[in-house]
There are 2 protein chains.
Amino acid sequence: GDVAAGKAKAAVCAACHGANGISQIPMYPNLAGQKEQYLQLQLKAFRSGERKNAIMSGQAAALSDADIDNLAAYFASLNPAG
Amino acid sequence: GDVAAGKAKAAVCAACHGANGISQIPMYPNLAGQKEQYLQLQLKAFRSGERKNAIMSGQAAALSDADIDNLAAYFASLNPAG
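Residues numbered from 1 in each chain as written. Chains lettered and ligands numbered in written order. Predicted model: local features only at pLDDT ≥ 70, side-chain atom pairs only at ≥ 80, totals over all residues. Heavy atoms only, no water.

Another aspect to go through is the interface of chain A and chain B. Listed as interface residues are 18 residues of chain A and, on the opposing side, 18 residues of chain B. In total, chain A and chain B occlude about 1600 Å² of area from one another, counting both sides; carbon and sulfur atoms represent 49% of this. On inspection of chain A and its partner chain B, the count reaches zero salt bridges. In this structure, the connection of chain A to chain B is made through 14 residue pairs in polar contact (both at pLDDT 80 or more). Broken down by class, the residue content of the side of chain A that touches chain B amounts to 10 nonpolar, six polar and two charged. (Contact = heavy atoms within 4.5 Å. Buried area = accessible area lost by both parts, 1.4 Å probe. Salt bridge = Lys/Arg side-chain N within 4 Å of Asp/Glu carboxyl O. Polar contact = N/O pair within 3.5 Å; in protein donor to acceptor, adjacent residues only side chain to side chain. Nonpolar A, V, L, I, M, F, W, Y, C, P; charged D, E, K, R; others polar.)

And the structure:
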């Protein structure tokens, strides 16, 4: 995926996952440095409903495959230590 | 949870999630430094079947609430940068 395009798309994610991909909310996962393919699989699972979460299904519904690839690349590129 | 008890319980997890909680397999997530409550929620979801994964449902089936709390504490305690 394209990290820069992912970063642009990720503005809405920061509310829960942190501006640097480190969540401030214990229920919500850190995404920084996570595995790119894992992130793609989870976003697609939220989009398809295979994985259920009230907030994430809404967030993922409008994402294209390219959006998903770019978001996954972006978060995977972030420093896991924040 | 109890980090030391979690570490003892986590031996089987290393195969996919890495001995230091950093996965070597792109499909499997890093767990090191992840949010403790998020990890608890996911293990309980795999155990109950609310979240579906062929491997993880088997792994989580035999876990007690204490096991889950200890595993979550252990992985949350690991350095996210490995």
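So much for the structure itself; the text now carries on.
This next bit is on a nonpolar patch on the surface. A contiguous nonpolar surface patch, about 220 Å² in accessible area, is contributed by Ile25 and Met27 of chain A together with Leu41 of chain B. Looking at the element boundaries, Met27 of chain A is found in the loop between helix H2 (14-17) and helix H3 (36-48). Its relative accessible area of 39% is what places Met27 of chain A among the partly exposed residues. (Patch = residues over 30% accessible without salt bridge, like charges linked within 9 Å, V, L, I, M, F, W, Y side chains within 5 Å. Areas by Shrake-Rupley, 256 points an atom, 1.4 Å probe, with all protein chains shown as cover. Helix = DSSP H or I, 4+ residues; strand = E, 2+ residues; numbered from the N terminus. Buried < 20%, exposed > 50% of the residue type's maximum accessible area, 1.4 Å probe, protein only.)

Another point: the packing of helix H3 (residues 36-48) of chain B against helix H4 (residues 54-61) of chain B. Angle between the axes and distance between the axes are the two parameters that describe a pair of packed helices. All names here are of chain B. At their nearest, the axes of H3 and H4 sit 8 Å apart, and the two run at 95 degrees to each other. Of the possible angle classes, the one that applies to H3 and H4 is roughly perpendicular. Mapping the contact onto sequence places Leu43, Phe46 and Arg47 in H3 and Met56, Ser57, Ala60 and Ala61 in H4. Per-class residue counts for the contact of H3 with H4 are five nonpolar, one polar and one charged. (Axes fitted to C-alpha atoms, helices over the stretch in contact; angles between N-to-C directions. Parallel < 35°, antiparallel > 145°, perpendicular 65-115°, else oblique.)

Moving on, we get to the side chain of Gln42 of chain B. Take Gln42 of chain B: it is sitting in helix H3. What Gln42 of chain B contacts, discounting residues up to four positions off in sequence, is Arg51 of chain A together with Arg51 of chain B.

The next point concerns the environment of Ala14 of chain A. Residue and element names in this part refer to chain A. By the secondary structure assignment, Ala14 is in helix H2. On the basis of relative accessible area, Ala14 is assigned to the partly exposed category, the value being 28%. As for Ala14 and Ala76, which are separated by 62 residues in sequence, their C-alpha atoms are 15 Å apart.

Overlay of chain A on chain B (RMSD 0.0 Å): rotation 180 degrees, translation along the axis 0.0 Å. Such values leave the two copies arranged in the relation of a two-fold axis. A shared binding surface is used by both copies, with 100% of the interface residues of chain A retained as interface residues in chain B. (Least-squares fit on C-alpha atoms with pLDDT ≥ 70 in both.)

On their own, these measurements won't tell you what the molecule is for.
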